Amino acid sequence: METDCTRGEAPVNNAPIGPIGPLTTLPAGTRLLHIGPHKTGTTAIQGALFAAKDQLPEHGVEFPATTRHPMEAALAACARPAMMGDTVPTDKHWTRLLQQVEATGTRTSVISSEFFADAPDDETIARIVDQLGGERVHILVTLRPIAKIMPSQWQQYVQNGLRMGYENWLEHMLRKAPYEQPNPSFWRRHRHDRLVERWIRAVGPDRVTVVVVDDRDRDGLMRTFEALLGLPENLLRPVPDTANRSLTLAETEMLRKLNVEFRGNGLPDELYSKLVRNGAVMHMKNACSPTAEDVKISTPAWAVEAAGRIGAEMVERIAAMGVRVIGDPALLSALPAIPAQPGPPAAEARIAPEVAAQALYGALAAAAAAPVRHTAEAKSRTVHQTSSKELVRVLGHRCLKKLRRQ
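Residues numbered from 1 in each chain as written. Predicted model: local features only at pLDDT ≥ 70, side-chain atom pairs only at ≥ 80, totals over all residues. Heavy atoms only, no water.

Engineer: In this structure, what is going on with the packing of helix H5 (residues 146–158) against helix H12 (residues 301–319)? I would like to understand it.
Structural biologist: Two quantities define a packed helix pair, namely the angle between the helix axes and the distance between the axes. Packing of H5 against H12 brings their axes to within 8 Å, and their N-to-C directions diverge by 125 degrees. Between H5 and H12, the interaxial angle falls into the category oblique. In contact with Ile146, Ala147 and Met150 of H5, H12 contributes Ala303, Val304, Ala307 and Met314. Here the contact of H5 with H12 is built from residues that sort into 7 nonpolar, no polar and no charged. (Axes fitted to C-alpha atoms, helices over the stretch in contact; angles between N-to-C directions. Helix = DSSP H or I, 4+ residues; strand = E, 2+ residues; numbered from the N terminus. Parallel < 35°, antiparallel > 145°, perpendicular 65-115°, else oblique. Contact = heavy atoms within 4.5 Å. Nonpolar A, V, L, I, M, F, W, Y, C, P; charged D, E, K, R; others polar.)

Engineer: Teacher, can you tell me more about the packing of helix H1 (residues 42–51) against helix H9 (residues 220–229) here?
Structural biologist: Packing of H1 against H9 brings their axes to within 10 Å, and their N-to-C directions diverge by 55 degrees. Compared by their axis directions, H1 and H9 come out oblique. As for how H1 packs across H9, the hand of that crossing is right-handed. Taking contact as the criterion, the partners of Ala44, Ile45, Ala48 and Leu49 in H1 are, on H9, Leu221, Met222, Phe225 and Leu229. Residue classes in the contact of H1 with H9 are distributed as 8 nonpolar, no polar and no charged. (Left-handed = near helix turned anticlockwise from the far one by under 90°.)

Engineer: What exactly am I supposed to notice about H5 here?
Structural biologist: In an α-helix, one turn spans 3.6 residues, which is why side chains three or four residues apart end up on the same side. The end-to-end C-alpha separation of H5 is 18 Å, in line with the 18 Å expected for 13 residues at 1.5 Å each. When we look at burial in H5, the residues that qualify are Ile146, Ala147, Ile149, Met150, Pro151, Ser152, Gln153, Trp154, Gln155, Gln156, Tyr157 and Val158. Against the buried residues of H5 lie helix H6 (166–174), helix H7 (185–190), helix H8 (192–203), helix H10 (249–264), helix H11 (269–287) and H12. (Expected span 1.5 Å × (residues − 1). Buried < 20%, exposed > 50% of the residue type's maximum accessible area, 1.4 Å probe, protein only.)

As structure tokens, this is what we get:
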């Protein structure tokens, strides 16, 4: 396949500066594949690209996706399961995205999903690269310090059904070999040196760019993408997204305890997706903004120090790989400040009544879209003749049956 690469790499005015000097624009016709991983600014950049979707073609760039985040396509490409209770992704999702990419012709295009970081093996990665355009593909990896990722990733796992408390989870991830339970995806995504290495084997170091995200520069990632894609400065703007905010400690603990009850009663996963994650949690995020009084998830000092050591190892290995690095790699091993008086333990976390009310309303609103009718079997027994556990289980299965009909 011939491509229009006559533009070559040219310096961009006001471009971010990396260790190798001013950042240069990727060749015209590049298919930029942003693989995340999770919790490294992916949602922000996806929202900005999607919001500017109609302006990008004026500058020779396409965002070939019909949604902000083609998650189902990425999951299907990597043969990974969906979020708990969500629709199972199929090859049709991936094929549709490939068709949209192919339709961009010789123009530059950008594809972004953090779930590409979950690709299980070299064969899968090589296939993804080949199907997206082979030699036209350039890999972009965005990185943040592990110490900052851990609390965000834990609460995200809780939003997908995890029942383990934060400190116990840290013990498993950092102290209990082989460091895979209860979430084997964590180090698959966040052992960043190995992640970069896997994709280098598919495209070579010359076609991999690593961006170290600096949380002090809120728009830095936007400016980096503009420079790489040859876009005018400030075309990409942050899009408010309250639904993507992290949960507070109290909110996470409330949800974690709900997960324990949910699993203990044997309710179906589809019900969790509909009523909990996309009902209660989503409405709570949209309706309630954290305040100064809300306690954030606090990482103990020993875990912060362990994360710093791992970060230092990763920086050293990535530096020897020959990839382009944008930003300050030292940030990946820097230790964040630990509060002199850490927040209360999970057992003392208390959720505000209005937050609990919004969560309950979100679940009720989601359930209202699928009203449950009593069957003859249910009418034959009164509520007082049925155990609470059985009532919950029956209600759950009836809600699920109604949801499936819709």
